[in-house]
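Tertiary structure, described
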Amino acid sequence: MSRSARRKPEYHKINRDLFVLTYGALVAQLCKDYEKDEDVNKYLDKMGYGIGTRLVEDFLARSCVGRCHSYSEITDIIAQVAFKMYLGITPSVSCNNSSRNEFSLILDKNPLVEFVEELPAGRSSLCYCNLLCGIIRGALEMVHLAADVTFLQDRLKGDSVTEIGITFLKKLDEKKYRRKK
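These remarks concern the structure in this document. (Residues numbered from 1 in each chain as written. Predicted model: local features only at pLDDT ≥ 70, side-chain atom pairs only at ≥ 80, totals over all residues. Heavy atoms only, no water.)

Considering the overall build of the protein chain
- Along the backbone of the protein chain there are five helices and four strands.
- Tracing the protein chain from N to C terminus, the helices and strands come up as α-α-α-β-β-α-β-β-α.
- Long-range pairs, those at least 24 residues apart, make up 59% of the contacts in the protein chain between residues at least 6 apart in sequence.
- Summed over all atoms, the accessible surface of the protein chain reaches about 11700 Å², with 51% contributed by carbon and sulfur. (Helix = DSSP H or I, 4+ residues; strand = E, 2+ residues; numbered from the N terminus. Contact = heavy atoms within 4.5 Å. Areas by Shrake-Rupley, 256 points an atom, 1.4 Å probe, with all protein chains shown as cover.)

As structure tokens, this is what we get:
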């Protein structure tokens, strides 16, 4: 059966609550599997990185954003388009230094912690949403940008806001990634 050339492909969205609950179960299982919070954090970051490297293609195809010319423009696209598209929220963006390569995404509402009241006992250094940092880092690397992405503040740890820090390290060598014809 052939597909009509005029028909747009349908994107199936999963229920957000189902995703959030499944993510919570994943973090709970990782806490059982790993004794150290650092190991859980690394695993969540690694999973997120893998998701980010694949998600960037979907994002670029669906969003139709053009080429960005500054780090602030990239960060605005992440906040206003990507977060809205995939999580239904729009974080505010602030620049943290004069060289304009450090930015913060401040989340008023974090859908991943919607059903979480507090971190598990004895897990004070757990970065519950570290998956998000890995996703951002992986997606940026796929568009040839090296970045350090970390949680600076987390409401689950008693902070007043949830803040993700993005530090652009350097532009990756684009020639290294170009296809040879």
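Next comes the rest of the account.
Description of the side chain of T162
- Along the polypeptide, T162 turns up in strand 4 (residues 162-171).
- A polar contact of 3.4 Å, which involves the side chain of T162, links it to the backbone nitrogen of R155.
- Once residues lying within four places of it in the same chain are set aside, the contact partners of T162 are L105, I106, L107, N110, F151, Q153, D154 and R155. (Polar contact = N/O pair within 3.5 Å; in protein donor to acceptor, adjacent residues only side chain to side chain.)

Some points on the side chain of E163
- Counting through the fold element by element, E163 comes out in strand 4.
- Among buried charged residues, E163 stands out as having no salt bridge; its nearest opposite-charge side chain is R155, 11 Å away.
- A distance of 2.6 Å separates polar atoms of two side chains, one belonging to E163 and the other to Q153.
- Beyond its immediate stretch of four places on either side in the chain, E163 contacts S104, L105, I106, T150, F151, L152 and Q153. (Buried < 20%, exposed > 50% of the residue type's maximum accessible area, 1.4 Å probe, protein only. Lys, Arg positive; Asp, Glu negative; His and termini not counted. Salt bridge = Lys/Arg side-chain N within 4 Å of Asp/Glu carboxyl O.)

A few points about the packing of helix 2 (residues 37-63) against helix 3 (residues 71-87)
- At a closest axis distance of 11 Å, the pairing of helix 2 and helix 3 adopts a crossing angle of 100 degrees. Between helix 2 and helix 3, the interaxial angle falls into the category roughly perpendicular. The residues of helix 3 that touch helix 2, namely those facing L55, D58, F59, R62 and S63, are I77, V81, A82, M85 and Y86.
- Its residues placed into classes, the contact of helix 2 with helix 3 shows seven nonpolar, one polar and two charged. (Axes fitted to C-alpha atoms, helices over the stretch in contact; angles between N-to-C directions. Parallel < 35°, antiparallel > 145°, perpendicular 65-115°, else oblique. Nonpolar A, V, L, I, M, F, W, Y, C, P; charged D, E, K, R; others polar.)

Considering the state of the cysteines
- In total, this model carries zero disulfides according to the counting rule given.
- Note on C129: no disulfide assigned, nearest cysteine sulfur contributed by C133 at a separation of 8.8 Å.
- Of the residues examined, C133 reaches a relative accessible area of 0% and is grouped as buried. (Disulfide = S-S within 2.5 Å.)

What about helix 4 (residues 130-142)?
- Its 13 residues place the ends of helix 4 19 Å apart at the C-alpha level, agreeing with the 18 Å of an ideal helix rising 1.5 Å per residue.
- Buried residues dominate helix 4, accounting for ten of its 13 residues.
- Where helix 4 is concerned, the buried positions are N130, L131, L132, C133, G134, I135, I136, G138, A139 and L140.
- Positive phi appears at H144, one or two residues downstream of helix 4, with a value of about 65 degrees. (Expected span 1.5 Å × (residues − 1).)

So, the packing of aromatic side chains
- Going through the model one piece at a time under the given rule, you end up with four aromatic pairs.
- An angle of 90 degrees between the planes, with centres 5.5 Å apart, marks the rings of Y23 and Y128 as edge-to-face. Of the two residues, Y23 is situated in helix 1 (residues 16-33) and Y128 in the loop between strand 2 (102-107) and helix 4; the sequence distance between them amounts to 105 residues.
- Note on Y23: relative accessible area 3%, which makes it buried.
- With 4.4 Å between their ring centres and 5 degrees between their planes, Y71 and F168 make a pair best called stacked. (Phe/Tyr/Trp six-rings, centres within 6.5 Å; stacked < 30°, edge-to-face > 60°.)

Comments concerning the nonpolar core
- By size, the foremost hydrophobic cluster in this structure holds 35 residues, and its most contacted members are F83, L105, I136, L140, I164 and I166.
- At the level of elements, helix 1, helix 2, helix 3, strand 2, helix 4, strand 3 (145-153) and strand 4 are the ones that each hand at least two residues to this core.
- Considering every element that reaches this core, the biggest residue donor is helix 4, with six residues.
- Not counting residues within four places of it along the chain, the set of residues in contact with I136 comprises I78, F83, L105, V149, I164 and I166. (Core = buried A, V, L, I, M, F, W, Y, C linked by side-chain atoms within 4.5 Å.)

So, the environment of I136
- Looking at the element boundaries, I136 is found in helix 4.
- Linking I136 and A82, residues 54 residues apart in sequence, is a C-alpha distance of 9.7 Å.

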